[in-house]
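# Topology and contacts: notes
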Amino acid sequence: MTIQIDDSIRAIPKAELHVHIEGTVTPEKCRELAAKNNVTLAPDLFTPDGSAYQYNDFFHLVTSVYDNMAQSIRTKEDYEDITYDYLTRCAAENALYVEMIAWCSAGKAVGLSYPDMIEGMAAGIDRAQKDTGIIARINTTLVRHQPLDVVWEEARTIAAYNHPYIVGLDVAGGESSGDLPQYQPVFDYIQQNFGRPLGMRVHAGEAQGPENVDDAIYLLPQPTRIGHGVRSIEDKEVIHDLIDNHIVLEVCPTSNILAKIYPDYASHPLRKLKDAGVLVCLNSDDPGLFGNSLGQEYQVARDHFGFTDDELREATKVAISKAFIDTPTKSTLLKKVDASVQQGFFKPHAPAAGPHP
Ligand SMILES: [Zn+2]
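Read on for a plain summary of the structure. (Residues numbered from 1 in each chain as written. Predicted model: local features only at pLDDT ≥ 70, side-chain atom pairs only at ≥ 80, totals over all residues. Heavy atoms only, no water.)

This next bit is on the packing of aromatic side chains. The geometry of an aromatic ring pair is captured by two quantities: the separation of the ring centres and the angle between the planes. Tallied over the full model, the rule gives 4 aromatic pairs. Judged by centre distance (6.2 Å) and plane angle (80°), the rings of Y265 and F305 are edge-to-face. On the criterion of sequence distance, the pair formed by Y265 in the loop between helix 10 (253-258) and helix 11 (270-276) and F305 in helix 13 (residues 294-305) is long-range, its members being 40 residues apart. Residue F305 is classed as buried on the basis of its relative accessible area of 6%. For R127, the ring lying beneath its charged end belongs to Y84, and the centroid distance is 4.0 Å. Against the face of F324 rests R225, its NZ or CZ located 4.0 Å from the ring centre. (Phe/Tyr/Trp six-rings, centres within 6.5 Å; stacked < 30°, edge-to-face > 60°. Helix = DSSP H or I, 4+ residues; strand = E, 2+ residues; numbered from the N terminus. Buried < 20%, exposed > 50% of the residue type's maximum accessible area, 1.4 Å probe, protein only. Lys NZ or Arg CZ within 6 Å of the ring centre and 35° of its normal.)

Rendered as structure tokens:
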């Protein structure tokens, strides 16, 4: 699903809080990494023209297709490569800030340690910032549907590695009813042992309904952001709780359509959530896998949800305000968004060509 971005959308400064690092890998980058690492990919991984991943349904896409694609990522340098690749793509769409989600056990199957994965991502972040000015940070995540002893092992791994670019803590993966409270002691343990407070966010209210968001809101420590959370619209009380607690929903419209949470954009509650007074920002979720981008989500917000330029800028400012970064960086980024109103144009800062030093 690729949507053309027009110049007025490109001119809007953007920020993203919800994107999974492995999910940013395009078919082209996947083939490049697989060739470098001598990984044999499934013959039907891509469409016949090679431009997209091939899948039967969303579940197939985010399980076996995702797993097969992720096998191409083997080393610390690969994480640097995919991070740099994604962030420079974002910078070319006038993104100022991105927070990426990293599952702490993602490299385990190929013998890559969590610190190596994070150091690779950090190197990609530094290189992208040097070449384009974009700023990025990392949220580390636990994954649901694992036995709790595995989750606790991951918690100890996370708590023991305090990299300055890790700024937030998340739980992702398939939602199931009533599953969130069991992670409270795990989050508490990480927060108490990491060495500094981490921003708190939770995936909720996507596959499951508003009660799942309610569980997330009342988790300790309380999250300031909910990944997706779109099904909050089904319960007025939950909407009030989101507003009263200034919690932002990281909305990923195209992802929700592909996942068949809603049949089409016309049925998606983004506009209703915004009009109800809920803080929302726009996100791509797994752009390499889905074939979308952050810029395309802004285009979708205008074309299908009637977002004006001011509302799109507001979504960016909501994301920056709720980012897990320091206050001086937030103020600098917010000033850039305000300055864009006067400038009205955008010229991407081209990254340096050729291999990095
Ligand atoms: Zn997600």
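After that view, the rundown keeps rolling.
The next thing to look at is the coordination of the zinc ion. Listed as protein donors to the zinc ion are H18 (NE2), H20 (NE2), H203 (NE2) and D285 (OD); their distances from the metal cover 2.0 to 2.7 Å. Given 4 donor atoms and angles of 80 to 169° at the metal, the environment of the zinc ion is assigned as irregular. All donor residues of the zinc ion come from one chain, and their arrangement in sequence is H-x1-H-x182-H-x81-D. With H20 in strand 1 (residues 14-20) and D285 in the loop between strand 8 (279-282) and helix 12 (287-290), this residue pair connects regions lying 265 residues apart in the sequence. We note that H20, like D285, is buried. (Donors = N, O, S within 2.8 Å, 3.2 Å for Na, K, Ca; no water. Tetrahedral: all angles 85-135°; square planar, octahedral: opposite > 155°, others 65-115°.)

Turning to the pattern of salt bridges, a few remarks are in order. Opposite charge on two side chains makes pairing possible when the charged atoms of those side chains draw close. Evaluated as defined, the whole model comprises 19 salt bridges. Two residues, R89 and D85, come together in a salt bridge whose shortest N-O distance is 2.8 Å. Taken as a pair, R89 and D85 lie in helix 4 (residues 76-92) at a separation of 4 residues, close to a single helical turn. Residue R89 is classed as partly exposed on the basis of its relative accessible area of 27%. The partner of E250 in a salt bridge is R201, and the shortest N-O contact between them spans 2.7 Å. Placement of the pair is E250 in strand 7 (residues 248-251) and R201 in strand 5 (residues 199-204), with a sequence separation of 49 residues. Residue classification places R201 among the buried residues on the basis of a relative accessible area of 0%. Residues joined in a network through salt bridges with shared partners are E99, D170, R201, R225 and E250. (Salt bridge = Lys/Arg side-chain N within 4 Å of Asp/Glu carboxyl O.)

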